[in-house]
Amino acid sequence: MDAQPLLKVQGLKKYFSASGGGTGAHGKKGLLKAVDGVSFHIFKGETFGLVGESGCGKSTTGRSIVRLYDVTEGSIRFDGQDLAKMNERELKPYRKRMQTIFQDPYSSLNPGMNVTQLISEPLGIHGFKNKKENRETVLELLNKVGLKAEHADRYPHEFSGGQRQRISIARALSVKPEFILCDEPISALDVSVQAQVVNMLEDLQAEYGLTYLFIAHDLSMVRHISDRIGVMYLGKLVEMAPSDELYEHPAHPYTQALLAAIPVPNPKVRNVSVPALQADLPSPLSNLSGCKFASRCPFATERCRQEEPEWTEIGPGHFVACHLHDEKN
Amino acid sequence: MNSLRWRAMVGQFKHQKTGVAALIVLAVFILAAIFAFLAPYDPNRIVVMDRLQGPSSAHWFGTDDYGRDYFARALYGGRVSLSVGFLSMMISVALGTAVGTVSGYFGGKIDNILMRLVDVLMSIPSFFLMLILNAYLRPGIGTIVFIIGILSWMSISRIVRAETLSVKQREYVLYAKVSGQSTFGIIMKHIIPSIMPTIIVSASMNIASSILMESSLSFLGLGIKQPNSSWGSMLNDAQGFISDAPYMAIFPGLFILLTVLSFNFLGDIFRVAFEPKASKR
């Protein structure tokens, strides 16, 4: 593994203006802080997992990195260049080097295009216009992702969810990217198919030296594929550690609760060590002071409600933002 | 259009015989319009001796007040009515699709400006505007096509905008965007093909209303000028002779009715075929 980070995200913020509509009778304009100061880096050839509940901002983080959104603040250094402030024209070469696999295999493939057209779409965008060569690339990629050459002229509706996701992967690979954003690529699939897809992603990573940002809410799969994992809560990273370390020594109460929620496939095991989370996720529109997790944290103190915890290193490569760990050190 | 949609449409035609009837009626009218030159009489030849004859074997639809063969006039009139309907549909579909996709895709200020423009245009009684425009422009088929076209795209643009709003959230559009596809490319390659069914449905309804509009304009004497005819202008001619020669009103009226009805039926069939969830009538 290279010591050089391929992607370095620093202080990334993405605010959406939530106007009128759903915000109640006041119709006051609110800021939805979907991502509020997230920093991490991903080394070349590494897989970084990003986990958290729905609405915690993990997808927004990913989509900001590939610049689907304009970033509110912060920098996204890809291979040393800051993507955050680039315009569409400057971004184009990077759009070839960064590809995306989306969550929903039923909506990520245009139903009116056949497999060849789908997979060669990014090729066309990036100036590979030779139809014959593109066709050969498509056939080779189909083989790589475990589909057959005879599938090349079929339409998406003829495939199952897992096969569609393979098509998405082949499409992402067609322009030989260095970085792939996997935005919950397995959440919509059956468990048996999930494992196949994850294993395939790993094989492809080894073969092409790919770097993944892997977003998911399923912790067991993420542990399997990720080298390091970041846990997000309400737009902030609360903990980041190498995956085994995170699973064995979760430091943040939120991470502990998430891990406790993984079902154990053995009815005799009862998991009672960690109290379940109380209450619901607070609205991301509310302006919380102090630690954002305080309202649901079983260990919260007055200090947590007042003061925002610092991002501190509690072990090699193990970072956490929690007051509980300030005191221990 | 892919094979799936095509199959759905064929299935729908098998299901609904009115659709087949509509297709047959339209095919007959279109062929008649194309091959109008085969008519046994010149539609503009005046034979005063033969004026106001009822339908007979010599003059299938009779003759009008100048003794012109009504069958030939109906054929040529159909040519005008159908082509005005078709051409102005092309204009309004092109305009409506362009405005709708741009408005829906970009959103924000552009959307606001374009949609308020649509609101303004829709709040003006378009028939009134047509009468005024018609007074200033040189009369002729081109003028009518232009006027109908630029005054009937607004509802299409609204429908297209709504569909664009939903399509642009789909992940294949997001994917195209993060892959570096240009905005124009996304609209042409992803958005328009995805909303094609909606466009086709509104197009077939739009032809029907364009034909009606042309007929109304011609009926008021503002459309096709003598000696040429359209179904609407033939109705206008028939006005004075409604008791002496009712057939003069019945034939063009019937043709307008059948054409408009057929296009509406077709539109309905397309709608049901393209949206499997829409209620089967």
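Just so it is clear, the structure is predicted and the values come from calculations on it, not from any experiment. (Residues numbered from 1 in each chain as written. Chains lettered and ligands numbered in written order. Predicted model: local features only at pLDDT ≥ 70, side-chain atom pairs only at ≥ 80, totals over all residues.)

## Concerning the overall build of chain B
What chain B contains, in helices and strands, is 11 helices and 0 strands. Helices and strands appear in chain B in the N-to-C order α-α-α-α-α-α-α-α-α-α-α. If one aligns the C-alpha atoms of chain B with their principal axes, the spans along those axes are about 75 × 45 × 30 Å. Counting the 281 residues in chain B, one finds 44% classified as buried. A separation of at least 24 residues holds for 69% of the contacts in chain B among residues at least 6 apart in sequence. (Helix = DSSP H or I, 4+ residues; strand = E, 2+ residues; numbered from the N terminus. Buried ≥ 20, exposed ≤ 12 C-beta atoms within 10 Å, placed from the backbone. Contact = placed C-beta atoms within 7 Å.)

## With respect to the overall build of chain A
Each helix and strand counted, chain A has 11 helices and 12 strands in total. By the compact-globule yardstick of 20 Å for 329 residues, chain A fits well, its C-alpha radius of gyration being 21 Å. Referenced to the eigenvectors of the C-alpha coordinate spread, the extents of chain A come out at roughly 65 × 50 × 45 Å. The buried share of chain A, taken over its 329 residues, is 41%. Taking as baseline every contact in chain A between residues at least 6 positions apart, the subset at least 24 positions apart corresponds to 65%. (Rg over C-alpha atoms; globule rule 2.2 N^0.38 Å.)

## Considerations on helix α5 (residues 161-173) of chain A
Residues and elements named next belong to chain A. The terminal C-alpha atoms of α5, which comprises 13 residues, lie 19 Å apart, in line with the 18 Å expected from a rise of 1.5 Å per residue. A large share of α5 lies buried, amounting to 10 of its 13 residues. Listed in full, the buried residues belonging to α5 are R164, Q165, R166, I167, S168, I169, A170, R171, A172 and L173. On its buried side, α5 packs onto β6 (98-101), α3 (115-125), α4 (131-144), β7 (179-183) and α6 (191-208). (Expected span 1.5 Å × (residues − 1).)

## Here's the deal with the sheet that holds strand β12 (residues 318-321) of chain A
All names here are of chain A. As summarised here, the arrangement of the 8 strands in space is β6-β7-β8-β3-β9-β10-β12-β11, forming an open sheet in which the pairing is mixed. Of all strands in the sheet, those with a lone pairing partner are β6 and β11 (311-315), marking the two edges. Averaged over all pairs of adjacent strands, the angle between their axes in this sheet comes to 20°, without regard to strand direction. In this fold helix α9 (residues 253-260) packs onto β9 (228-233) and β10 (236-242), with an angle of close to 105° to the strand it touches most, β9. (Pairing = 2+ DSSP bridges. Axes fitted to C-alpha atoms, helices over the stretch in contact; angles between N-to-C directions.)

## What to know about the pairing of β12(A)
Residue and element names in this part refer to chain A. For β10 and β12, the ladder comprises 2 bridges, and the chain directions are antiparallel. Bridged to E239 within β12 is V320. Judged from the 4 bridges that link them, β11 and β12 form a sheet pairing that is antiparallel. Within β12, the position partnered with W311 by the bridge is A321. Hairpin connection from β11 to β12: 2 residues lie between these consecutive antiparallel strands, with G317 at a positive phi of about 70°.

## Here's the deal with the interface of chain B and chain A
Tallying the contact residues gives 16 residues for chain B and 19 residues for chain A. Taken together, the elements giving at least two residues each to the side of chain B that touches chain A come down to α8 (171-178) and α9 (183-219) of chain B. Per element, the largest residue contribution to the side of chain B that touches chain A is 7 residues, and it comes from α8(B).

## Let's talk about the packing of α8(B) against α9(B)
Residues and elements named next belong to chain B. Interhelical geometry of α8 versus α9 gives an angle of 160° and a closest axis separation of 10 Å. Relative to α9, the element α8 lies roughly antiparallel. Pair α8 / α9 crosses with right-handed handedness. For the pair α8 and α9, contact is made by Y172, V173, A176 and K177 and by I186, H190 and I191, respectively. In terms of residue class, the contact of α8 with α9 is built from 5 nonpolar, 1 polar and 1 charged. (Parallel < 35°, antiparallel > 145°, perpendicular 65-115°, else oblique. Left-handed = near helix turned anticlockwise from the far one by under 90°. Nonpolar A, V, L, I, M, F, W, Y, C, P; charged D, E, K, R; others polar.)

## Some remarks on the confidence of the model for chain A
Close inspection of predicted coordinates is inappropriate in any region flagged by low pLDDT. For chain A, the average pLDDT comes to 86, and 92% of its residues sit at 70 or higher. A low-confidence stretch, residues 20-27 of chain A stays under pLDDT 50, and its non-local contacts, those more than four residues away or across chains, total 5 contacts. (pLDDT = per-residue confidence, 0-100.)

## What to know about helix α3 (residues 70-106) of chain B
All names here are of chain B. Helix length check: α3 (37 residues) gives 53 Å between terminal C-alpha atoms against 54 Å at 1.5 Å per residue, within 8%. The buried fraction of α3 amounts to 27 of the 37 residues, a majority that puts the element mostly inside the structure. Just beyond α3, the residue with positive phi is G107, at close to 65°.

## So, the confidence of the model for chain B
All names here are of chain B. Model confidence for chain B is summarised by a mean pLDDT of 86, while 96% of its residues fall at 70 or above. Predicted confidence in chain B is weakest over helix α1 (residues 3-15), with a mean pLDDT of 76, and strongest over helix α7 (residues 154-167), with 94. Overall fold confidence for the complex sits at a pTM of 0.83, while the interface term, ipTM, reaches 0.87.

## Here's the deal with the sheet that holds strand β4 (residues 73-78) of chain A
Residue and element names in this part refer to chain A. Taken in spatial order, the 4 strands line up as β2-β1-β4-β5 in an open sheet, and their pairing is antiparallel. This sheet does not close on itself; its edge strands, each paired only once, are β2 (30-43) and β5 (81-82). By the bridge criterion, 2 bridges tie β4 to β5 in an arrangement that is antiparallel. Looking at β5, one finds that R77 is bridged to D82.

## Description of unusual backbone geometry
Residues and elements named next belong to chain A. A positive phi is found at R67, a non-glycine position, where the angle reads about 60°. Residue position: R67 is located in the loop between α1 (58-65) and β4. Residue classification places R67 among the buried positions, given that 22 C-beta atoms sit within 10 Å. Even without glycine at this site, E184 takes up a positive phi of about 50°.

## Notes on the packing of α3(B) against helix α11 (residues 247-274) of chain B
Residue and element names in this part refer to chain B. Packing of α3 against α11 brings their axes to within 11 Å, and their N-to-C directions diverge by 25°. The orientation of α3 relative to α11 falls into the category roughly parallel. Of the two possible hands of crossing, α3 and α11 adopt the one that is right-handed. Contacts between α3 and α11 involve Y70, A74, G77 and G78 on the former and, on the latter, M248, F251, P252 and F255. Residues of the contact of α3 with α11, tallied by class, amount to 6 nonpolar, 2 polar and no charged.

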